[in-house]
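# Chain and residue survey
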Amino acid sequence: MTIGYTSPGPELPRPLFMHAMVSLEGNLTMVIGGASSSSKTTSNSESGSDMTHIYDHIRKIWTNGPTMNTARASHAAFIVTDLETDEKLVIAAGGYQNS
């Protein structure tokens, strides 16, 4: 890839914006929550999603990931490691939540 050059990436399983992304295991990317034009509420504001999607950069396919406990949009996501078990955890925090 040339610096300053962009190219299209893989299409998401559904149109999204205000989502978060984290890198998993080097060749996997997780897209977390977000909003889509089909998720508008009656007040015409965007409502978040509780869905996650995982893209495999080697196989070039999307799979559904785990469902979040709370739908979110405009949030942050990050990975933390449990110091006792060494387990890696994906955390989504902040943003807008559906009530």
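This write-up is about the structure you can find in this document. (Residues numbered from 1 in each chain as written. Predicted model: local features only at pLDDT ≥ 70, side-chain atom pairs only at ≥ 80, totals over all residues. Heavy atoms only, no water.)

For the rest of this paragraph, the subject is the sheet that holds strand β4 (residues 61-64). Strand order in the open sheet made by the four strands is β1-β2-β3-β4, with antiparallel pairing throughout. Two strands close off the open sheet at either side, each with one partner strand: β1 (20-24) and β4. The average undirected angle you get between the axes of adjacent strands in this sheet is 25 degrees. With four bridges joining them, strand β3 (residues 52-56) and β4 adopt antiparallel strand pairing. When the bridges of β4 are listed, Ile54 appears paired with Thr63. (Pairing = 2+ DSSP bridges. Helix = DSSP H or I, 4+ residues; strand = E, 2+ residues; numbered from the N terminus. Axes fitted to C-alpha atoms, helices over the stretch in contact; angles between N-to-C directions.)

Moving on to the pattern of salt bridges. Enumeration over the complete set of coordinates arrives at one salt bridge. The salt bridge involving Arg59 is made with Asp56; its shortest N-O contact spans 3.9 Å. With a relative accessible area of 59%, Arg59 lands in the exposed category. (Salt bridge = Lys/Arg side-chain N within 4 Å of Asp/Glu carboxyl O. Buried < 20%, exposed > 50% of the residue type's maximum accessible area, 1.4 Å probe, protein only.)

What the rule picks out here adds up to one aromatic pair. The interplanar angle of 50 degrees and the centroid separation of 4.9 Å between the aromatic rings of Tyr55 and Trp62 together place this pair among those described as tilted. On the basis of relative accessibility, which here comes to 8%, the residue Tyr55 falls in the buried class. (Phe/Tyr/Trp six-rings, centres within 6.5 Å; stacked < 30°, edge-to-face > 60°.)

So, about a nonpolar patch on the surface. On the surface, Phe78, Val80 and Leu89 cluster together into a nonpolar patch covering about 200 Å² of accessible area. Turning to its location among the elements, Leu89 is positioned in strand β7 (residues 88-93). (Patch = residues over 30% accessible without salt bridge, like charges linked within 9 Å, V, L, I, M, F, W, Y side chains within 5 Å. Areas by Shrake-Rupley, 256 points an atom, 1.4 Å probe, with all protein chains shown as cover.)

Before going further, it helps to examine the environment of Leu12. Take Leu12: it is sitting in the segment before β1. Look at Leu12 and you get partly exposed, because its relative accessible area is 27%. For the pair formed by Leu12 and Ile54, sequence separation is 42 residues and the distance between their alpha carbons is 9.7 Å. For Leu12, the residues in contact, after removing those within four places along its chain, are Val31 and Trp62. (Contact = heavy atoms within 4.5 Å.)

Structurally, Tyr96 can be placed in strand β8 (residues 96-97). Looking at Tyr96, the relative accessible area reads 56%, which means it is exposed. Not counting chain neighbours up to four residues away, the residues in contact with Tyr96 comprise Ala71, Arg72, Ala73 and Ser74.

Just geometry here; none of it tells us what the structure is for.
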